[in-house]
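Fold and contact review
Listed below, chain by chain, are the residues.
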Amino acid sequence: MSRLLIAYGTTEGHTAKIAQHIAAAARRLGHEVDVVQASELATDASLDAYAGVIVGASVHEGRYQAAVVHFVERQRAALATRPSAFFSVSLAAAGRSPEDAAEIHGMIAQLAERASWKPLLTASFAGALKYTEYSWLKRVVMKHISGQKGGDTDTSRDFEYTDWNQVTDFAEQFCTKLAVAKAG
Ligand SMILES: Cc1cc2nc3c(=O)[nH]c(=O)nc-3n(C[C@H](O)[C@H](O)[C@H](O)COP(=O)(O)O)c2cc1C
């Protein structure tokens, strides 16, 4: 049993839901897991208590949440000395175009480079369109963007594109890597 931290950024709550799903999968494997929004972590928070760290963020206008970027930069020493992973949440990951996949791949690489971070595992998860929760302007903008890509435009309901089996696999793979690191 190890203690894990999941530090995430979210704007509309979907990444928080994914973080909780990862935590549930890790807890089923016997781990103790703290799930914390990166913006709520103290600047000088110590990660000493954690055997592994999973970081997650969602893409908004081509960027990850600033709190997550700052967390990765501030905690570069801690991330370099324990198994860690990163998951990205976006609408681009819901599409099938190679350009969208390359864009997210590039964003993950750029984030890691900023802190000379080498996560053991990275994943790109498809997010959600929460039309019913957006402001009027956000709803119009997101409908336009989604429509341009041939996506869903019925603003009377929400759409969730996340493959929850992919999320569970990611959590289980990370726990396996953690066990291997611990044994070595
Ligand atoms: C205003 C806004 C801008 C967005 N910009 C992007 C984007 O640039 N690229 C992308 O792939 N997805 C984009 N998305 C989709 C989000 O990444 C997706 O809705 C995700 O589920 C949000 O996760 P969160 O609820 O944790 O913030 C955007 C969503 C909104 C509402």
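First, a word on scope: everything that follows refers to the structure included in this document. Every chain begins its residue count from 1, and numbering advances along the sequence as written. The predicted nature of this model means local features are confined to residues of pLDDT at least 70 and side-chain atom pairs, given and counted, to a pLDDT of 80 or more, with totals for whole chains, interfaces and linings taken over all residues. Calculation of side-chain values draws on the structure's entire complement of heavy atoms; hydrogens and water are dropped beforehand.

One open sheet holds the five strands; their spatial order is S2-S1-S3-S4-S5, and the pairing between them is parallel. The strands lining the two open edges of the sheet, one partner per strand, are strand S2 (32-37) and strand S5 (121-126). Across the sheet, the axes of successive neighbouring strands diverge by a mean angle of 15°, strand direction being ignored. Pairs of residues are marked as contacts when any of their non-hydrogen atoms sit within 4.5 Å. The angle between two axes is taken between their N-to-C directions and runs from 0 to 180 degrees, where each axis is a line fitted to C-alpha atoms and a helix contributes only its stretch in contact. Starting at the N terminus, helices and strands are each numbered in turn, a helix being any DSSP run of H or I of at least four residues and a strand any DSSP run of E of at least two. Sheet strands touched by helix H6 (residues 164-183): strand S1 (3-8), strand S3 (52-58), strand S4 (84-90) and S5. Its angle to S5, the strand with the most contacts, is close to 170°. The rule for pairing is simple: two strands pair if DSSP sees at least two bridges between them.

Attention now goes to the nonpolar core. Judged by nonpolar contacts, the single largest core of 27 residues is most densely connected at Val53, Val55, Tyr64, Phe71, Val72, Phe86 and Trp117. Contributions of two or more residues to this core are made by S1, S3, helix H2 (66-74), helix H3 (76-80) and helix H4 (98-114). Tallying contributions element by element places H4 first for this core, with five residues. If near-sequence neighbours (up to four positions away) are discounted, Val55 is found in contact with Ala7, Val68, Phe71, Val72, Ala85, Phe86, Phe87 and Trp117. Take the buried Ala, Val, Leu, Ile, Met, Phe, Trp, Tyr and Cys residues and link them wherever side-chain atoms come within 4.5 Å; each set so joined is a nonpolar core. Relative accessibility under 20% of the residue-type maximum defines a buried residue, over 50% an exposed one, and the middle range a partly exposed one, all with a 1.4 Å probe and only protein chains included. Grouped together as the second largest cluster of nonpolar side chains are 24 residues, Tyr8, Ala85, Ala123 and Val167 included.

As a further point, take the site of the ligand. By convention in these notes, a residue is near a molecule or strand provided one of its non-hydrogen atoms lies within 4 Å of it. In the region of the ligand, 20 residues are neighbours, and Thr10, Thr11, Thr15, Val59 and Ala128 sit closest. What qualifies as a polar contact is a pair of N or O atoms within 3.5 Å, subject to a donor-acceptor requirement within protein and to the restriction that residues adjacent in sequence count only when both atoms come from side chains. With respect to the ligand, the backbone of Val59 contributes an N or O atom lying 2.6 Å from an oxygen atom. Computed with a 1.4 Å probe, the accessible areas rest on the Shrake-Rupley method; for each residue, only the protein chains presented here act as cover. When the free accessible area of the ligand is taken as 640 Å², the share hidden by the protein chains comes to 91%. Those elements giving two or more residues to the shell around the ligand turn out to be helix H1 (14-28), S4 and helix H5 (136-148).

Right, let's get into H4. With 17 residues, H4 should reach 24 Å at 1.5 Å per residue; the first-to-last C-alpha distance of 24 Å fits that figure. Turning to H4, its buried residues number three or more, namely Asp100, Ile104, Met107, Ile108, Leu111 and Ala112. Taken end-on, H4 shows its buried residues confined to a sector of 130°, consistent with a single buried face. Among the exposed residues of H4, those pointing more than 90 degrees away from its buried face are Pro98, Glu99, His105, Gln110 and Glu113. Contacts from the buried residues of H4 go to H2, S4 and S5. Just downstream of H4, Ser116 is the residue with a positive phi angle, here 45°. Helix span is expected to be 1.5 Å times the residue number reduced by one. The arc in question is the one traced by the directions running from the helix axis out to the C-beta atoms.

The next thing to look at is unusual backbone geometry. Keep in mind that most residues, glycine aside, have a negative phi and that most peptide bonds are trans. Phi angles above zero are rare outside glycine, and Glu61 is one such case at about 50°. Considering the arrangement of structural elements, one finds Glu61 in the loop between S3 and H2. Backbone geometry at Ser116 places phi at a positive 45°, although glycine is not the residue there. If you trace the backbone, Ser116 turns up in the loop between H4 and S5.

The working definition used for a salt bridge is a side-chain nitrogen of Lys or Arg within 4 Å of a carboxyl oxygen of Asp or Glu. This model, assessed by the stated rule, comprises six salt bridges. Across the pair Lys149 and Asp100 runs a salt bridge whose closest N-O atoms are separated by 3.1 Å. A residue pair is termed long-range when its members are at least 10 positions apart, and Lys149 in the loop between H5 and strand S7 (159-160) and Asp100 in helix H4 qualify at 49 residues. With a relative accessible area of 8%, Asp100 lands in the buried category. Here the salt bridges share partners, and the residues they tie into one network are Arg3, Glu32 and Asp34.

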